[in-house]
Amino acid sequence: MDARTTTLPFGGARLAFGPGTVRRFRLTVVEGGPKAGQSAESSSDRCSIGFHPSNDLNIEDPTVSRFHCEIRTDGTGARVLDLNSRNGTILDGVLVKDAFLRSGSLLNLGRVAVRFDFVNEANRLPLSDKTEFFGMYGSSVAMRTAFALMERAAVTDLTVLLDGETGTGKGKAAEAIHRASRRAEKPFMVVDCGAIPANLLESELFGHEKGAFTGATDKRLGAFEEASGGTIFLDEIGELPQDLQPKLLRVLESREIRRVGSNNHKKVDVRVIAATNRDLRAEVNNARFRSDLYFRLAVVRIQLPSLRQRPEDIPLLLEQMLKATGANASQSAALRTPEFKNTLQRSAWPGNVRELRNYIERCLVFQDALPAPDASPSAQNAVAVDARLSYQEARRRALDDFERCYLEALLRLHQGKVSSAATAADVDRVYLYKLLRRHNIKP
């Protein structure tokens, strides 16, 4: 989304696209599927396509995945993102994962062909008047759109799913929604589903009775009971083990929990907010996440923008970070120059706001403006090493990164044909499949 106003021809007049508006588009099934000729027009900045009836364009064809792909539009144009679909997304004859669209582009999804066309009308997005929301800052259209959705969610008790890359502030967003809600004076409990061992997570969530398992010497309340009257925040919900997913689904449906080792159910009054840096629709396609649980979590779905989508917010974030650290004028003088701010805005920040904060703190420690992370291709391809890790852990991460990059390049070279790729790489085909599964790469 771009704060600049652009104009596009609309009949004999011209249609202006200003802040908070995006260009509308139409999707039309031109071939295949039971309803050739069906179409759908976007009503926001996103439109999903798939077999499941919840999609904006529902295509009832078995070669189309439940959530096949999504169209996103902003000030830079429109893009299609494949959601780890079974048969892939082919744009104008090319298999793509994430690519820009033009008016008239043809998308092949299994046996179905869908035409994309821009419409000379605009969709207005919700836009908050605020540039600060309970500790989150941003004056960009992207961030104020997120603020508007958070404000609307806060006045309800609906379950919220926060999407966004690592470091975009999903935890702060969850706390902000809680603080803006009627439950603000009640507990705010956080459970990191990716940091707790699977065999302990059920007890962490729902509690256990004395003697329920080895080591359970006392009765323990779970996070749902401890959050009574308030909010429970389930971070990294995409890491929730599959055997726990139906149990969480039952809690969301009935608002009742059952402690481990007990036969009795107990009513709980909590508001649930979940967060993930994965697209759970892709996880549903790969049978790693239950579709019914996804819909129970995504009653209100809020996407937090990455820092590269809102570089105009960096000067404001910089000021807030310097204020939070208590840095005086002389300590922060080198970090307030226009040249330094421009450098920050040109950098990639793959770790988003968290990475920016860490970088600013390092600059304050060394009392100087350190070189900002380089956004050039050579820097992006360099091996990132964290010397604070043990040698074994740092080596494992580097090898994982190498394997993932190699496998993706190998499959591209051989058009996704695993047998040909295995022969060229001089590895057993079964072993290659094992590597692909390990890194969640679909041929």
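In this text the structure is predicted, and so the values were computed from the model without any measurement.

Participant: Mind showing me how you'd approach the overall build of the protein here?
Facilitator: A count of helices and strands for the protein gives 15 helices and 24 strands. In terms of overall dimensions, the protein has a C-alpha envelope of 70 × 60 × 50 Å along the principal axes. Within the protein, the proportion of its 443 residues that are buried is 43%. Residue pairs in contact within the protein that sit at least 24 positions apart in sequence constitute 58% of those at least 6 positions apart. Here the protein displays about 22,500 Å² of accessible surface, and carbon together with sulfur accounts for 50% of that area. Charge-centre separation for the protein: the mean point of 63 positive side chains lies 2 Å from the mean point of 55 negative side chains.

Participant: Would you take a moment to explain the nonpolar core for this structure?
Facilitator: Within soluble globular proteins, side chains that are nonpolar tend to cluster in buried spots. Grouped together as the largest cluster of nonpolar side chains are 32 residues, with contacts concentrated most on Phe224, Ile232, Leu234, Ile237 and Leu240. Looking at this core, the elements with two or more residues in it are helix H3 (198–206), helix H4 (223–226), strand E20 (231–235), helix H5 (245–254), strand E23 (271–276), helix H6 (280–285) and helix H7 (291–297). Sorting elements by how many residues they give to this core places H5 first, with 4 residues. In contact with Ile232, not counting residues within four places along its chain, are Met189, Val191, Ala223, Phe224, Ala227, Val270, Arg271, Val272 and Ile273.

Participant: Looking at this structure, how should I read the packing of aromatic side chains?
Facilitator: Within a pair of aromatic rings, the relevant descriptors are the distance that separates the centres and the angle that separates the planes. Tallied over the entire structure, the rule returns 12 aromatic pairs. Note on Phe340 and Tyr359: the rings are 6.2 Å apart at their centroids and 20° apart in plane angle, and the pair reads as stacked. Here Phe340 is found in helix H10 (residues 338–346), whereas its partner Tyr359 is found in helix H11 (residues 352–366), with 19 residues between them in sequence. Residues Phe340 and Tyr359 agree in their burial class; the two are buried. By the ring-pair criterion, three or more aromatic residues cluster together here, those being Phe25, Phe116 and Phe118.

Participant: When you look at the packing of helix H14 (residues 418–425) against helix H15 (residues 429–438) in this model, what are you seeing that I'm missing?
Facilitator: When two helices pack together, their arrangement is given by the angle between the helix axes and the distance between those axes. H15 packs onto H14 with a crossing angle of 105° between their chain directions and a minimal axis gap of 9 Å. Judged by the inter-axis angle, H14 sits roughly perpendicular to H15. Residues Val418, Ser419, Ala421 and Ala422 of H14 touch H15, and the partners they reach there are Arg429, Leu432, Tyr433 and Leu436.

Participant: I keep staring at the sheet that holds strand E5 (residues 46–50) and nothing clicks. Help me out?
Facilitator: Adjacent strands of a sheet pair through backbone hydrogen bonds, lying either parallel or antiparallel. If you walk across this open sheet you meet the 5 strands as E6-E5-E7-E8-E11, and the pairing is mixed. The open sheet has two edge strands with one neighbour each: strand E6 (57–58) and strand E11 (98–101). Where strand E7 (residues 69–74) lies against strand E8 (residues 77–82), 6 bridges are found, and the strand directions are antiparallel. Across the sheet, the residue bridging to Ile71 is Val80, located in E8.

Participant: Please clarify how the packing of helix H8 (residues 314–325) against H11 should be interpreted in this entry.
Facilitator: Closest axis-to-axis distance for the H8/H11 pair is 10 Å, and the angle between their directions is 55°. By the criterion of interaxial angle, the relationship of H8 to H11 is oblique. In this structure, H8 crosses over H11, and the sense of that crossing is right-handed. Residue-level inspection shows Ile314, Leu317, Leu318, Met321, Leu322 and Thr325 of H8 in contact with H11, the latter providing Val353, Leu356, Arg357, Ile360, Glu361 and Leu364.

Participant: I'm lost on helix H1 (residues 141–154) in this one. Help?
Facilitator: In an α-helix, one turn spans 3.6 residues; hence positions three or four apart end up facing the same way. Its 14 residues place the ends of H1 20 Å apart at the C-alpha level, agreeing with the 20 Å of an ideal helix rising 1.5 Å per residue. Buried residues dominate H1, accounting for 11 of its 14 residues. Among the structural elements, strand E14 (132–133), strand E15 (136–137), strand E16 (160–163), helix H2 (170–179), E23 and strand E24 (300–303) are those in contact with the buried residues of H1.

Participant: What am I meant to see in the sheet that holds strand E10 (residues 94–96) here?
Facilitator: With antiparallel pairing, the 6 strands of this open sheet are ordered in space as E4-E3-E13-E12-E9-E10. The sheet is open, and its two borders are formed by strand E4 (39–41) and E10, each paired with just one other strand. For this sheet, the mean angle separating the axes of adjacent strands, direction not counted, is 30°.

Participant: I tried to follow the pairing of E24 on my own but got confused; where do I start?
Facilitator: On any regular strand, side chains alternate: one points to one face of the sheet, the next to the other face. Only one face of E24 is buried, namely the one carrying Val300 and Ile302, since none of Arg301 and Gln303 on the opposite face is buried. Pairing of E16 with E24, which is carried by 4 bridges, proceeds in the parallel orientation. The partner of Asp163 across the bridge, within E24, is Gln303.

Participant: Help me out: how do you make sense of unusual backbone geometry in this one?
Facilitator: Peptide bonds are mostly trans, and most non-glycine residues show a negative phi. Of note, the phi angle at Phe134 is positive, near 50°, even though the residue is not glycine. Tracing the chain through its elements places Phe134 in the loop between E14 and E15. For Phe134, a relative accessible area of 31% gives the class partly exposed. Of note, Ala287 is a non-glycine position whose phi angle comes to about 60°, a positive value. Position of Ala287 among the secondary structure elements: in the loop between H6 and H7. Given a relative accessible area of 55%, Ala287 falls into the exposed group.

Participant: So what exactly am I meant to see when it comes to a positive patch on the surface here?
Facilitator: On the surface, a cluster of positive charge is made up of Lys172, Arg179, Arg354 and Arg357. Where the positive patch is concerned, the elements lending two or more residues are H2 and H11. Relative to the elements of secondary structure, Arg357 occurs in helix H11. Note on Arg357: relative accessible area 31%, which makes it partly exposed.

Definitions and limits used
- Residues numbered from 1 in each chain as written.
- Predicted model: local features only at pLDDT ≥ 70, side-chain atom pairs only at ≥ 80, totals over all residues.
- Heavy atoms only, no water.
- Helix = DSSP H or I, 4+ residues; strand = E, 2+ residues; numbered from the N terminus.
- Buried < 20%, exposed > 50% of the residue type's maximum accessible area, 1.4 Å probe, protein only.
- Contact = heavy atoms within 4.5 Å.
- Areas by Shrake-Rupley, 256 points an atom, 1.4 Å probe, with all protein chains shown as cover.
- Lys, Arg positive; Asp, Glu negative; His and termini not counted.
- Charge placed at Lys NZ, Arg CZ, Asp CG, Glu CD.
- Core = buried A, V, L, I, M, F, W, Y, C linked by side-chain atoms within 4.5 Å.
- Phe/Tyr/Trp six-rings, centres within 6.5 Å; stacked < 30°, edge-to-face > 60°.
- Axes fitted to C-alpha atoms, helices over the stretch in contact; angles between N-to-C directions.
- Parallel < 35°, antiparallel > 145°, perpendicular 65-115°, else oblique.
- Pairing = 2+ DSSP bridges.
- Left-handed = near helix turned anticlockwise from the far one by under 90°.
- Expected span 1.5 Å × (residues − 1).
- Patch = residues over 30% accessible without salt bridge, like charges linked within 9 Å, V, L, I, M, F, W, Y side chains within 5 Å.
- Salt bridge = Lys/Arg side-chain N within 4 Å of Asp/Glu carboxyl O.

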